[in-house]
Every structure is written in C-alpha cells, then in structure tokens.
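Structure at a glance
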Protein chains: 4
Amino acid sequence: MSGSTFGTKFKITTWGESHGAGVGVVIDGCPAGLPLCEEDIQRYLDRRKPGQSRFSTPRKEDDTALIQSGIFEGRTTGTPISIAVYNKNQRSADYSEIASYYRPGHADYTFDQKYGFRDYRGGGRSSARETIGRVAAGAVAAKLLDTIGIHFLTYVKSIGPVTIDPAHFDASCIETHPLRMPDAVAAAEAQAYLDRCMQSQNSSGGVVECIIKGVPAGIGEPVFQKLDSALAGAIFSIGAVKGFEIGDGFAAARATGIENNDAFYSDKHGQIRKKTNHAGGILGGISDGSDIILRAAFKPTPSVSAVQQTVSKNGETISIQVKGRHDPVIVPRAVVVVEAMAALTLADLTLLNLGAQADCVSDFYITSQKK
Amino acid sequence: MSGSTFGTKFKITTWGESHGAGVGVVIDGCPAGLPLCEEDIQRYLDRRKPGQSRFSTPRKEDDTALIQSGIFEGRTTGTPISIAVYNKNQRSADYSEIASYYRPGHADYTFDQKYGFRDYRGGGRSSARETIGRVAAGAVAAKLLDTIGIHFLTYVKSIGPVTIDPAHFDASCIETHPLRMPDAVAAAEAQAYLDRCMQSQNSSGGVVECIIKGVPAGIGEPVFQKLDSALAGAIFSIGAVKGFEIGDGFAAARATGIENNDAFYSDKHGQIRKKTNHAGGILGGISDGSDIILRAAFKPTPSVSAVQQTVSKNGETISIQVKGRHDPVIVPRAVVVVEAMAALTLADLTLLNLGAQADCVSDFYITSQKK
Amino acid sequence: MSGSTFGTKFKITTWGESHGAGVGVVIDGCPAGLPLCEEDIQRYLDRRKPGQSRFSTPRKEDDTALIQSGIFEGRTTGTPISIAVYNKNQRSADYSEIASYYRPGHADYTFDQKYGFRDYRGGGRSSARETIGRVAAGAVAAKLLDTIGIHFLTYVKSIGPVTIDPAHFDASCIETHPLRMPDAVAAAEAQAYLDRCMQSQNSSGGVVECIIKGVPAGIGEPVFQKLDSALAGAIFSIGAVKGFEIGDGFAAARATGIENNDAFYSDKHGQIRKKTNHAGGILGGISDGSDIILRAAFKPTPSVSAVQQTVSKNGETISIQVKGRHDPVIVPRAVVVVEAMAALTLADLTLLNLGAQADCVSDFYITSQKK
Amino acid sequence: MSGSTFGTKFKITTWGESHGAGVGVVIDGCPAGLPLCEEDIQRYLDRRKPGQSRFSTPRKEDDTALIQSGIFEGRTTGTPISIAVYNKNQRSADYSEIASYYRPGHADYTFDQKYGFRDYRGGGRSSARETIGRVAAGAVAAKLLDTIGIHFLTYVKSIGPVTIDPAHFDASCIETHPLRMPDAVAAAEAQAYLDRCMQSQNSSGGVVECIIKGVPAGIGEPVFQKLDSALAGAIFSIGAVKGFEIGDGFAAARATGIENNDAFYSDKHGQIRKKTNHAGGILGGISDGSDIILRAAFKPTPSVSAVQQTVSKNGETISIQVKGRHDPVIVPRAVVVVEAMAALTLADLTLLNLGAQADCVSDFYITSQKK
C-alpha cells in the first residue's frame with residue numbers, strides 16, 4: 001500500500017531500506033526559482049549523522065546527498081527534486097539470526113504479519129535510515145520557509161528523568177553539545193544518566209521540543225487539515241514517537257479556562273498579540289501569529305544489549321541478545337528529524353493557504369499578472 | 001481551501017455551521033451490503049447530545065440524523081451516504097456583540113486573519129456542532145468494523161486534577177454516569193471539582209482514553225500513514241485537543257528500553273502475543289494484534305463567564321463576559337467524538353490494507369472470483 | 001470505494017440517487033469572499049432541466065437548489081458549501097421489472113457485478129440526475145473564474161450525422177434554440193433527423209464543444225496534472241461520453257508537423273500570441289493564453305423504446321421494451337454538464353497554480369501581508 | 001506544484017529531465033511478494049528505445065534500469081520500488097540558441113510563463129525522456145496484472161492518413177515491424193508516406209490502439225474515478241496526445257441507440273456476455289468483462305527541420321530551423337507508453353476495487369485470517 005508520500009502541494013515521497021542500494025526522496029511541488037544546492041541539504045543530513053558522540057552509535061554513516069533533478073543554474077525549476085543518498089555501509093553482515101526471530105519493540109513481527117515476509121537486514125524499511133529522505137526534504141522546505149521569515153528552534157527537552165530548566169535555557173549550545181540540550185546543568189545530569197544506562201546494557205527515551213518562529217497568522221485548514229492536526233500526524237509518523245503536544249499539551253487538561261485562555265491585546269504598533277501562549281500559537285487549527293510550540297515523546301531505543309525474551313518465527317520462546325552498534329538514546333539525532341517534519345508540514349500548509357481569499361486570487365491573475 | 005475531507009478509501013466530507021441550515025457529512029467508500037439504518041447513527045449522536053447533566057450546557061440540541069442517500073432496502077449500496085442534521089435551534093440571537101471582538105481561546109481572530117471575515121454566529125464552522133458529522137460517520141465506520149470484530153471502549157480518564165484509578169475501573173458505568181468516568185470514587189471527586197469551577201465562573205479540561213479491541217495485526221501503512229500517525233492526526237483534528245499519546249506515551253520517554261520493550265511469547269494456541277503492552281498495540285506503525293490504547297488531552301472550555309480582557313476588531317483593549325450556555329467541561333461529550341475519529345481511521349486503514357500481499361489479490365480475482 | 005470526490009484545492013463531493021431523498025454536492029475549497037446566492041446556481045440547473053422541448057423527456061424535474069452552508073451575508077466564507085436538490089418526482093413506480101434484468105447500454109450489470117446488488121430505481125447512482133451536483137458546483141466554479149476573466153462558450157456541435165458549419169456559427173442562438181446548436185440550418189436538419197429517430201423508437205448521439213476564453217498562460221501542472229489530462233478525466237467522468245479531443249484532436253493525427261505547429265508572433269502590444277490554434281490553447285499540458293478548445297462525443301441514449309434482446313439476472317435470454325420517458329438525444333442537456341466539469345477543472349488548477357514561483361509566495365506573505 | 005504523482009493505491013512519482021543526471025520513478029503501493037527483477041523492466045524500456053529503425057531518431061539512448069529499493073530476494077516487499085535510469089547521453093551541446101526563443105508546438109513558452117524560467121536543455125522536464133519513468137513503472141504494473149490474467153495488445157492503428165485494415169490484422173508482426181503496425185500492406189504505405197514527410201523536412205502524427213484482455217467485471221469507481229475517466233486522464237497525460245476514445249468513440253456520436261447498444265446473452269457456461277462491444281468493455285464507468293478498447297491520437301512531432309517562424313524571448317519575430325535528431329513520427333515508440341499508462345491505471349483501480357463489498361472485507365479478516 002502507499003504510505004510513503006507526504007503532503008498535498010509540497011509533496012514528498014521517500015524510498016529505500018537500511019541495507020539496500022540507498023535511500024532517497026522525491027520532492028514535488030517546490031516553487032520555482034528557489035536557490036538550492038547540495039550543501040543546503042548536507043548541512044541538515046550532518047545533524048542526524050551518528051558517531052557524533054559516545055552517546056550515539058559509533059557506526060560510520062558518511063551520508064552524502066546527491067541532487068539528481070529539479071535544479072537548473074542553481075535554482076529550483078518547479079519540477080521534482082530527486083535526492084539520493086547511496087549506502088556506503090553495506091558490509092554483508094550475517095542477518096540470518098535476526099531473520100529467524102522477532103526483536104521486542106521492533107517492527108519485525110508486524111511487517112511479517114502485514115506483508116508475509118520482510119527485508120530483515122538492519123530493519124529494512126523500518127530502519128531509522130528511512131528518515132534520511134525526510135531530513136533532506138526538510139532542508140528544502142526550511143529554505144523555502146526562510147524566504148517568508150519562518151525559522152525553527154529545536155532541541156532536546158528531556159532525556160529519561162532529566163529535563164531542562166527554562167531558567168538555564170541557552171540556545172547557543174544546542175548544536176555544540178552532543179546531547180543538543182540547551183541547559184549545561186541538565187545536560188551534565190543527562191550524560192551521567194546515560195552512562196548508567198549504558199553500563200546496564202540499557203537505553204533511554206526523551207522529549208524533543210520545537211519552537212517555530214515567524215509563522216504568519218492564517219496557516220492551517222479548518223477541520224481535518226488543522227495546523228496542529230497536520231503537525232501531529234507528521235511528527236507521529238517518525239518511528240519511536242509515542243506522544244505529541246501543542247502548547248501546554250497535557251498540562252492544559254489539568255488547567256482551568258481562566259488559567260489557560262490567552263488574553264489578546266494590541267501592541268504599540270497596533271498589532272494584535274496574546275499576553276500568554278498556552279495555546280502554542282494555534283487557535284481553531286489556524287496559526288495565530290505567535291510562536292508554534294510542539295513536543296514529541298520518544299520511546300527508549302528498543303535495541304538493548306541486555307538479554308531479552310522473545311519468540312522465533314515458528315513460535316518457540318527464546319532468549320536473545322541484540323548485537324551490533326546502537327544508540328543508547330535517539331533523541332539528540334531525532335532533533336533534526338522533528339524539525340524536518342515540522343518544516344515539511346509548514347511548507348505544505350503555507351502553500352495551501354494561498355488562495356484562501358477570492359480577492360487575492362483575482363489580484364494574482366488580474367492585477368499583478370504574475371504567473 | 002479544502003480541509004473538510006478525511007480518509008482515502010473510507011472517505012468523509014463534513015459541512016455546516018453552528019447557526020446555518022444544518023450540519024452533515026457525506027461518506028464515500030463504505031463497502032456495499034452493510035445493514036444500516038438511522039437508528040444506528042442516532043445512537044451515536046445521542047451520546048454527544050448536550051443537556052444530559054448539570055455539567056453540560058442546558059442548551060437543547062435535539063439532533064435527528066436523516067440518511068439521504070446510499071442505502072437501499074436497508075443496506076449500503078457502495079455509493080455515497082449523505083447524512084444531514086438540520087438545526088432546530090436557530091433563535092435569532094443577537095451576535096453583533098461577539099462579531100465585534102475576539103474571544104480568548106476561540107478561533108474568531110484566526111478565521112478573520114485567514115478568510116478576511118467570518119460567520120460569527122455561535123462560532124460558525126469552528127463550533128463544536130461541526131463534530132456532529134464526524135460522529136454520524138463514525139457510527140457507520142464502527143458498524144463496519146464490528147463485522148470484523150473491532151470494538152471500542154472509550155471513557156473519561158481525568159477531569160482537571162482528578163484521574164481514575166485503574167484499580168477501581170468499572171466499564172459498566174461509562175454510559176450511565178454523567179461524566180462517563182468508569183471509577184465511582186474519582187467521578188465523585190470530579191463532580192465536586194466541577195462544582196467549584198462553576199461557582200467561580202470557570203471551566204475544566206480533561207483526558208479521554210480509547211481502547212480499541214480486536215484489531216488484527218497488519219493494519220497501518222509504513223512511513224507516513226502509520227496507524228499511530230493516522231490516529232494522531234485524526235484525534236488532533238478535534239477542536240480543543242492539545243495532546244495525544246499511544247500506549248505509555250510521554251511516560252515512555254522517561255522509561256528505559258528494558259522497562260519499555262514488550263516481550264513476545266506464544267500462547268497455548270501457538271498464537272504470538274506480548275507479555276505487556278507499553279507499545280499500545282502498534283509497532284513500526286502497524287497494529288500488532290493487541291489492544292490499541294490512545295489518550296487525548298482536551299483544554300478547558302474557553303467560554304468562561306468570568307470577566308476576561310481582549311481586543312475589539314479594531315484593536316481597542318476591552319473587557320468582556322462571554323454570555324450564553326456553555327459546558328463547564330467538554331470531555332464527557334467528547335468521548336464519542338474521539339471514538340468516532342478512531343473508528344473512521346481504523347475503517348480507512350483496514351480497507352487500505354486489503355491487497356498488501358500479491359497472492360491475496362490474485363486469490364480475490366482468480367480463486368474466489370468474488371467482485 | 002470512494003470515487004465521488006473531484007479536485008484537489010477546489011474539491012467537490014457529490015451524493016444522491018435518482019429516486020432517493022435527493023441529490024447534492026459539497027464544495028470544499030472555494031475561496032472566501034465570493035458573492036454567491038441560490039439564483040447563481042439555479043441559473044445553471046435550469047439549463048440541464050428536461051422538458052424544454054419535444055426532444056427531451058417530458059418528465060417534469062423542477063429542481064430547486066438549496067444552499068445549506070458556507071455562505072454568510074451573501075458571500076462564501078471559505079468553508080464547505082453544501083447544496084441539495086430534493087427529489088419531488090418520486091412517484092412509487094413499479095421497478096420490479098428492471099430489477100429483474102440488465103438493460104443494454106446501462107450500468108445495471110456492472111453495478112451488480114461490483115457491489116453484489118444495486119438501487120435499480122431509475123438507474124440509482126448511475127442516473128443522469130447524478131449530474132445535478134456537478135452542475136450546481138460548476139456554477140460556483142464559473143462564478144469564481146469570472147472574477148479572473150475566464151468565460152465559457154459551450155454548445156452542441158453535432159447530432160448524429162448533422163454537424164454545424166463554422167461559416168454559419170451564431171453564438172446568440174445557443175441558449176434560445178432547443179438543441180443548443182448555433183447554426184440555424186444545421187439545427188433544422190438535426191430536428192428532422194431526431195424526428196425520424198423518434199418515429200423509429202430510436203435515439204441519437206452527438207458532440208458537445210466547449211471554448212474557454214480568457215485563461216491566463218501557466219495553468220496546468222506538468223506530467224500527471226496537465227490541463228488537458230485533467231480536462232479529459234473530468235469530461236470522461238460524465239456518463240455516455242465515449243470520446244474527447246483538445247484542439248484539432250484526431251485530425252492532428254492525420255496532419256503533418258508543418259501544418260499542425262502554431263507559429264508564435266508578437267502582437268502590437270508586444271504580447272506573444274499564436275497565429276493559429278491547432279493546439280487548442282495547451283502546450284506541454286499548460287495553458288498558452290489562447291482559447292482552450294475541447295470536444296466530447298456522447299453515445300446515443302441507451303433507453304430506446306424499440307424491442308431489445310437481453311438477459312435476466314438469472315441468465316435467461318429475454319426480449320424487453322424499456323418503458324418510461326426518455327431523451328431521444330442527451331447532448332442539448334449535456335452542454336451545461338460539460339461546461340460545469342470544465343469550470344470545476346479550471347477552478348482547481350487555477351488555485352493549484354498559485355505558488356508556482358517562490359517569489360510570488362514571499363510577495364504574498366511578506367510584501368502584501370495579505371492572508 | 002505537484003503533478004508528478006499518479007495513482008491512489010498503486011502510486012507512482014516520476015522525476016528527471018532530459019539532460020539532468022537521469023530520470024526515474026518511485027512506485028509505492030505494489031503488493032508484496034510479486035517476483036520482480038531488472039529484466040522485467042528492461043524489456044519494457046527497450047520497446048521505447050529510439051534508433052530501432054530509420055523512422056526514429058538515430059540518437060543512441062541505451063537506457064538501463066536500476067532497481068534501488070523495494071525488492072528482497074527477488075520479490076517485492078510492499079515498500080517503495082525506486083527505479084533510476086542515468087543519462088549516458090549528456091554531451092554538452094550548445095543550447096544557448098533554443099534558450100533564446102520559443103519552439104512552435106513545444107512547451108518552452110508555457111514553462112517560462114508558469115515558472116519564470118526553464119531548464120531548456122533538450123526540453124528539460126517536458127522531454128519525451130520523462131516517459132521512461134512511466135514505462136518502467138508500467139512494466140511492474142503489467143507484471144502484477146498478469147497474475148490476475150490481464151494482458152495488453154497495443155499497436156499503431158494509423159500513421160498520418162494511413163490506417164490498418166482489420167481484415168489484414170496480424171498481431172504477430174507488432175513487435176517485429178519497425179512501425180508496430182499489424183497490417184503489412186498499411187505498414188508499407190505508411191513507410192512510403194513517412195519517407196515523403198522526411199524528404200520535405202516534415203513529420204507525421206498517428207493513432208495508437210490498446211486492447212486490454214481479461215479484465216474482470218467490476219473494475220472502476222462510479223462518478224469521478226470511472227475506469228474510462230481514469231484511462232482518459234492517464235493517456236492524456238502523455239505529451240502530444242490530442243484525442244482519446246473508448247470503444248466506438250466519436251463514431252458512437254454518429255450512431256443510433258439501436259446500433260450502439262450491445263445486447264447481453266448467456267454463453268454455454270451460463271456466463272453473461274455481450275454480442276457486440278461498441279462500449280469498449282465499460283458500462284457506467286465499470287468494466288463489464290469484455291475487452292477494454294481505447295485509442296489515443298498523437299499530434300505530429302513538432303520538431304521539424306523545415307524553416308519555421310516564431311518569436312525570441314524578448315518578442316522579436318524570427319525564423320528558426322530546429323536542429324538535432326528527431327523522430328519523424330513518435331507513435332511507434334509511444335505504443336509502450338500508452339500500454340504503460342493503461343497498465344498503471346488498471347493496477348490502481350484493481351487494487352481500489354478490493355473491499356467494494358462488506359462481506360469480502362469480513363471474509364478477508366475473519367475467515368481467511370490472511371493479512
């Protein structure tokens with residue numbers, strides 16, 4: 001079935017498995033005339049690259065983005081942008097073992113149930129390498145959004161039980177710190193916690209927060225394509241995500257209306273603003289002009305080296321130990337994936353919002369005569 | 001723009017405003033031959049009806065479902081099922097007041113920003129009455145899912161700070177208790193809490209939990225149409241939802257891999273099962289055969305009768321008091337809306353899963369010759 | 001399955017059967033602020049109304065359009081526009097006869113094969129009454145297109161062997177003449193031909209031509225959403241259409257490149273134009289600024305009163321005579337259906353073209369600050 | 001904008017330009033377990049390869065298909081199948097000339113109008129090389145359809161004024177004859193006609209006919225996804241197509257109902273059949289079990305070497321002579337493109353038809369327990 005395409009106007013289709021020839025994405029619907037080069041994409045891919053610290057797999061994934069279509073003389077042409085990353089890391093490991101049983105917390109069992117068999121090499125299509133196509137496309141979406149003043153601030157909010165303290169928030173250290181946690185104190189605690197996890201052959205989950213700045217009011221379609229609905233679906237399409245919040249999220253369910261309502265006021269330029277932002281920048285599914293705030297909860301890496309109980313394909317109960325090189329925590333590398341999915345969602349809804357008003361449509365075709 | 005259609009194969013389109021002629025839905029893609037009558041739909045609509053207790057608006061909404069197409073001799077024909085509910089409650093209130101300002105926590109401001117003006121009568125398209133079409137369609141989806149053994153258990157998990165205790169869980173009182181909270185002790189506390197909210201002209205949020213039983217393994221499409229992604233988008237398209245979780249949700253982010261992994265085993269019939277269900281029934285975006293467990297966090301009703309500060313359309317800071325008859329808490333009535341969106345999502349993905357395996361396709365056309 | 005929705009941004013969903021409660025359409029994605037009233041729609045519906053001459057069924061279909069949502073203070077709000085036409089003509093005829101056999105040229109057999117049974121009353125969903133929803137929606141699309149200067153000239157080009165002579169073309173008599181044939185001489189011949197058909201209990205086919213004026217260059221998406229591809233799919237979705245052409249159509253297949261190429265030139269205002277229009281206004285799937293010219297071939301009405309051979313549901317060979325009041329030729333009433341589908345296609349692709357260029361997107365959000 | 005994706009369940013996305021790195025396609029939604037290898041695809045690509053006779057460009061396009069994902073141990077896995085063909089023929093020709101003016105009959109002008117600029121090298125995205133992705137995907141669709149007994153017979157019906165005579169029809173010579181015309185006499189005339197065209201620096205159009213055998217009754221969705229509507233849109237998305245017919249097509253418009261109706265009868269196995277097939281195998285948009293017959297009219301190759309008049313980008317009237325190596329007639333190479341688009345349409349609608357009946361859905365999930 002076809003679940004590998006995302007978006008309506010800014011539409012992407014990803015392909016590829018962990019140990020196939022490569023992974024990639026086709027972006028269809030990027031407006032023409034946007035300056036774009038491979039470096040724009042590589043910068044994003046490097047943010048998800050493993051081996052950046054002792055808290056991510058030492059596996060070397062030196063992923064290089066190749067643009068294969070849709071660019072002419074340094075600008076997008078409006079036709080599909082095909083980006084491929086070829087696998088350099090396909091040493092013929094012996095996967096016959098994981099072929100024979102179902103790893104707890106992985107998709108081995110469900111893929112077999114759905115399709116009758118699976119490409120078991122390194123997780124196949126359900127490998128985290130599938131996110132490379134999303135990140136490459138997200139880089140293009142982010143570049144488009146930059147032209148209308150939309151920017152992203154994405155970081156690790158918590159790892160296991162350790163959460164950053166807003167009072168210590170320091171955006172400058174997001175990309176410099178191996179855990180992408182913008183609070184030096186919390187980051188140190190988190191490192192200590194992860195060391196303990198690793199010693200006990202265990203892994204940790206965490207929470208990624210994304211703040212989207214500069215979103216004009218009016219983005220999002222009522223009812224089923226609400227901005228928050230689209231973001232929820234987009235973020236939840238990332239493997240390992242188990243929870244999603246906008247603004248105060250679950251805390252809003254414990255609050256009262258008087259506490260939770262954001263009062264409107266006019267700033268000194270007469271611009272209508274909100275005194276608070278419990279809503280996280282979205283009212284009725286449409287952006288209200290303030291920051292969009294979202295959070296994604298990631299489960300712990302299911303590949304732990306401790307002994308686990310499971311069943312073989314033919315149903316015998318067995319004990320296994322997942323071999324190989326795995327991330328004790330995925331959230332630092334997931335930061336750019338969350339940002340990419342948020343950027344893809346915004347790019348699509350920003351384009352879909354064009355033509356919301358009849359007079360803008362006639363302005364475009366009659367007055368400006370731009371085509 | 002077009003955000004009023006949901007689903008790919010089991011596809012619905014809703015229409016209508018709070019104070020227009022009515023609200024309704026067109027269901028396209030329901031398989032032929034399913035027995036269906038207006039009572040099947042009315043039963044669901046009655047669950048969202050207000051005025052069922054002192055904790056919901058006394059406003060009388062005696063909504064009656066009319067099936068206008070797609071049924072012949074008591075069965076679905078495979079053609080669109082149009083269901084309309086005409087508004088009986090359009091007394092010409094004077095809305096000129098709310099026309100002139102922006103209610104905090106409502107979509108008044110964002111609709112004006114997006115469309116240039118809005119139908120301000122009772123919230124127009126962003127009124128909770130929009131959910132009538134979803135609930136009517138959800139009743140049809142649930143009837144279809146019943147034929148393959150899929151059922152729903154949906155209830156209020158918490159109201160404000162009060163949460164049910166699993167130890168006291170009693171499913172039998174969900175539909176009998178005004179708050180739909182299956183724990184007599186917690187329900188009593190919640191009633192006391194709501195009474196205090198109402199005395200202080202305030203309102204409360206809450207959490208709805210939905211357990212989906214009997215889902216076969218294999219439902220959900222990898223990558224962007226994952227079952228959890230589709231459910232997240234569907235539930236987040238309900239107004240007032242600010243958070244969503246599958247299985248352990250945000251708690252999984254605080255857990256370790258060893259704690260969070262669900263071990264597989266074979267039951268005495270040789271059926272592969274999981275010892276625990278932290279995953280909430282979904283692995284890699286595909287159902288694993290165990291219960292699907294999801295939660296939705298609802299913000300407090302923004303319409304509080306306490307004095308609030310806001311701005312008028314022309315930007316003057318003003319104080320307002322929202323008049324009218326509002327629910328101090330929406331979650332008891334939202335239970336059936338959550339269930340409806342979950343049913344619509346399952347119905348669509350259950351139909352999309354047909355044809356996942358090539359041999360099933362040839363079986364269907366060659367062997368069975370069924371068409 | 002779901003085939004009742006058409007369009008991406010300007011999206012319609014039709015519902016209803018010949019002898020159910022009614023027929024209707026939901027339009028989602030019409031820009032906000034467009035003046036619209038029921039008369040705008042009724043004007044179109046009246047053009048497809050039967051009983052306008054002795055060449056259409058005397059059956060009285062006094063169809064009245066009711067707008068049920070999406071309009072406030074005389075303008076579209078950007079939310080779904082639901083339009084219903086309730087059936088006034090449901091005298092309980094005895095359909096048990098056609099329930100028992102398959103009418104040649106009708107969809108009775110294929111619906112039974114696909115769905116297992118069918119609503120046999122008057123053709124059910126495959127009745128020509130299904131086009132009412134298209135025509136109502138087409139009226140709205142045409143009103144939107146009018147604001148950007150796009151207009152339609154649609155008429156009967158031929159009936160059976162009789163074709164209009166371009167030398168005698170007189171647009172003024174399209175809506176005044178019962179056959180909507182803009183050539184008095186050909187129209188007279190066609191009437192004589194139809195009289196002979198009726199005397200021999202027979203029926204006739206014909207061709208409808210539609211000229212779309214004022215389409216700006218640049219409409220249509222390369223590859224699979226080409227303007228000609230979208231028009232072909234849209235027109236071929238009308239029952240009874242068996243052929244479709246753009247520009248010279250099949251004649252182009254017999255021409256040479258030198259004959260068929262349209263030379264470009266600059267007019268006195270420096271505007272680039274084409275000396276001829278063999279292409280019918282589309283190059284590479286994108287409008288070139290000249291008239292769009294299309295033709296649709298309609299098969300003869302399959303309901304003839306002459307004796308025909310067919311089979312009963314259980315396979316016995318039988319002779320039948322289709323009773324009831326049928327059009328000896330459908331094309332005069334199909335003119336407005338072709339125009340409606342062309343308008344719906346143009347409305348959708350005109351909105352989809354917004355944002356084709358990155359600088360227009362930033363202009364919209366940054367410069368104009370329009371939302 | 002996004003027009004490069006085709007299909008709903010069997011969904012393809014093509015990418016690439018004439019002189020970029022390559023062209024390709026991503027197929028999403030192919031059922032799992034279908035045996036597939038690169039030879040299956042190469043066989044189709046070789047049928048569109050130029051240089052097979054003196055009537056096609058001598059340009060060497062030695063296109064080799066590479067499967068980059070979606071196959072494991074020789075079978076499809078149900079995940080996206082990415083197929084790429086890298087360009088070997090990118091000698092840096094000087095295109096500055098065609099960059100400066102608009103070729104008659106080409107998309108140069110319309111691409112500039114839509115996107116503001118274009119990749120002018122060899123036609124960029126509007127080059128015939130774009131069809132490589134369609135043909136590669138069509139090969140996969142055909143392999144899937146073969147498993148349910150659907151096969152294609154596609155050939156050239158006419159070239160310029162020369163049409164095959166059904167009495168001389170000889171399917172065996174379709175792939176052996178350079179013009180793919182299954183009538184030796186007509187083929188000889190056509191060759192003589194093409195020689196005259198080439199001598200006068202001219203080109204010819206033609207008609208391709210496709211007969212689809214073994215289509216079960218019931219394929220196609222009523223109203224907007226009718227089988228004939230889907231085929232019309234698919235075939236008209238091929239560049240240079242100007243006309244499309246099903247069954248008798250435009251001839252049906254000249255016929256009477258008595259002539260055009262196909263009488264039903266029961267064959268000796270009690271199977272319901274039609275005595276004739278004027279309908280071309282489709283009634284009410286749904287396949288009736290007889291052969292599907294369609295025709296596509298192709299305009300003459302616009303690239304003729306004769307002197308033509310046109311305008312430069314800045315509007316000066318100029319005379320040009322299109323250089324390079326062009327096909328005097330495209331239809332022999334277009335045969336496989338028409339077949340590929342027909343196969344993609346059938347594959348999609350054949351999968352969409354699954355679940356048309358509620359009892360088949362419960363059979364699938366309950367009885368067979370197949371997933």
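Reading the values: rules and limits
Residues numbered from 1 in each chain as written. Chains lettered and ligands numbered in written order. Predicted model: local features only at pLDDT ≥ 70, side-chain atom pairs only at ≥ 80, totals over all residues. Heavy atoms only, no water. Helix = DSSP H or I, 4+ residues; strand = E, 2+ residues; numbered from the N terminus. Rg over C-alpha atoms; globule rule 2.2 N^0.38 Å. Buried < 20%, exposed > 50% of the residue type's maximum accessible area, 1.4 Å probe, protein only. Contact = heavy atoms within 4.5 Å. Lys, Arg positive; Asp, Glu negative; His and termini not counted. Charge placed at Lys NZ, Arg CZ, Asp CG, Glu CD. Least-squares fit on C-alpha atoms with pLDDT ≥ 70 in both. Polar contact = N/O pair within 3.5 Å; in protein donor to acceptor, adjacent residues only side chain to side chain. Pairing = 2+ DSSP bridges. Core = buried A, V, L, I, M, F, W, Y, C linked by side-chain atoms within 4.5 Å. Axes fitted to C-alpha atoms, helices over the stretch in contact; angles between N-to-C directions. Parallel < 35°, antiparallel > 145°, perpendicular 65-115°, else oblique. Left-handed = near helix turned anticlockwise from the far one by under 90°. Buried area = accessible area lost by both parts, 1.4 Å probe. Salt bridge = Lys/Arg side-chain N within 4 Å of Asp/Glu carboxyl O. Nonpolar A, V, L, I, M, F, W, Y, C, P; charged D, E, K, R; others polar.

1. Details of the overall build of chain A
Secondary structure summary: chain A contains ten helices and 18 strands in total. Relative to a compact globule of 371 residues, whose C-alpha radius of gyration would be 21 Å, chain A shows 22 Å and is just as compact. Referenced to the eigenvectors of the C-alpha coordinate spread, the extents of chain A come out at roughly 70 × 50 × 35 Å. Here chain A, with 371 residues, has 68% of them falling under the buried criterion. Here the contacts in chain A between residues at least 6 apart in sequence split such that 68% fall between residues at least 24 apart. Here chain A contributes 39 positive and 39 negative side-chain charges, whose respective centroids are spaced 3 Å apart.

2. A look at the relation of the copies chain A and chain B
Of the two same-sequence chains, chain A is brought onto chain B (RMSD 0.0 Å, axial shift 0.0 Å) by a rotation of 180°. In symmetry terms, the pair is related by a two-fold rotation axis. Among all C-alpha atoms of chain A, that of Gly233(A) lies closest to the rotation axis, at 2.1 Å. Looking at the interface residues of chain A, 100% of them are also at the interface in chain B, so both copies use one shared face.

3. Observations concerning the relation of the copies chain C and chain D
Two copies of one chain are present, and they are related through a rotation about an axis combined with an axial shift. Screw-axis analysis of chain C against chain D gives a translation of 0.0 Å along the axis, an RMSD of 0.0 Å, and a rotation angle of 180°. When the interface residues of chain C are mapped onto chain D, 100% of them again lie at the interface, so the same face is used by both copies.

4. Structural notes on the side chain of Arg47(A)
Residue and element names in this part refer to chain A. With respect to the helices, strands and loops of the structure, Arg47 is situated in helix 1 (residues 38–48). A polar atom in the side chain of Arg47 sits 3.1 Å from the side chain of Glu339. Setting aside its immediate chain neighbours within four residues, Arg47 contacts Gln52, Glu175, Arg180, Val335, Val336 and Glu339.

5. Structural notes on the sheet that holds strand 7 (residues 81–86) of chain D
All names here are of chain D. Across the sheet, which stays open at both edges, the five strands sit in the order 1-2-3-7-4 with antiparallel pairing between neighbours. Strands at the two margins of the open sheet, each flanked by one partner only, are strand 1 (5–6) and strand 4 (66–67). Alignment of strand 2 (residues 11–16) against strand 3 (residues 22–28), held across six bridges, turns out to be antiparallel. Paired with Trp15 across the strands is Gly24, a residue of strand 3.

6. Re the nonpolar core
In terms of nonpolar packing, the biggest core is built from 371 residues, with Phe10(A), Phe10(B), Phe10(C) and Phe10(D) touching the most fellow members. Setting aside chain neighbours within four positions, we find Phe10(A) in contact with Ile27(A), Asp28(A), Gly29(A), Cys30(A), Ala137(A), Val140(A), Ala141(A), Leu144(A), Leu344(A), Ala347(A), Asp348(A) and Leu351(A).

7. Notes on the packing of helix 4 (residues 131–146) of chain D against helix 9 (residues 331–352) of chain D
Each pair of packed helices can be described by the angle between their axes along with the distance between the axes. Residue and element names in this part refer to chain D. The contact between helix 4 and helix 9 brings their axes to 7 Å, and the two run at 50°. Looking at the two axes, helix 4 sits oblique to helix 9. Along this stretch, helix 4 crosses helix 9, giving a crossing that reads as left-handed. Between helix 4, through Thr131, Arg134, Val135, Ala137, Gly138, Ala141, Ala142, Leu144 and Leu145, and helix 9, the contact on the second element is made entirely by Val336, Val337, Ala340, Met341, Ala343, Leu344, Leu346, Ala347 and Thr350.

8. Digging into helix 10 (residues 358–367) of chain D
Taken as a whole, helix 10 of chain D has its buried residues at Ala358(D), Cys360(D), Val361(D), Ser362(D), Phe364(D) and Tyr365(D). Along its buried surface, helix 10 of chain D packs onto helix 9 (331–352) and helix 10 (358–367) of chain B.

9. Structural notes on the sheet that holds strand 1 (residues 5–6) of chain C
Spatial strand order, 1-2-3-7-4 (chain C): five strands in an open sheet with antiparallel pairing. Strand pairing shows two members of the sheet lacking a second neighbour, strand 1 and strand 4 (66–67) of chain C, which therefore form its edges.

10. Section: the interface of chain C and chain D
Interfaces are often sized by the amount of accessible area the parts lose when they come together. Across the boundary between the two partners, chain C contributes 106 residues, which contact 106 residues of chain D. Buried area between chain C and chain D, both sides added, is near 8000 Å², and the carbon and sulfur share of it is 61%. Linking chain C to chain D there are two salt bridges. Of the charged contacts in the structure, one is a salt bridge between Lys114(C) and Glu221(D), with a shortest N-O distance of 3.0 Å. Counting every contact that joins chain C to chain D gives 43 residue pairs in polar contact (both at pLDDT 80 or more). Considered class by class, the residues forming the side of chain C that touches chain D number 44 nonpolar, 45 polar and 17 charged. Pairing analysis gives three bridges linking strand 11 (residues 241–246) of chain C to strand 11 (residues 241–246) of chain D, with the strands arranged antiparallel.

11. What to know about the pattern of salt bridges
Any two side chains of opposite charge can pair, on the condition that their charged atoms come close. Residues and elements named next belong to chain A. Counted by the stated rule, this structure contains 88 salt bridges over all chains. For Arg295, the salt bridge identified is with Glu245, shortest N-O distance 2.8 Å. Taken together, the residues Arg295 in strand 16 (residues 292–298) and Glu245 in strand 11 (residues 241–246) connect sequence positions 50 residues apart. Judged on exposure class, the residue Arg295 and its partner Glu245 are both buried. The structure contains a network of salt bridges with shared partners spanning Arg103, Asp108, Asp112, Arg118 and Lys313.

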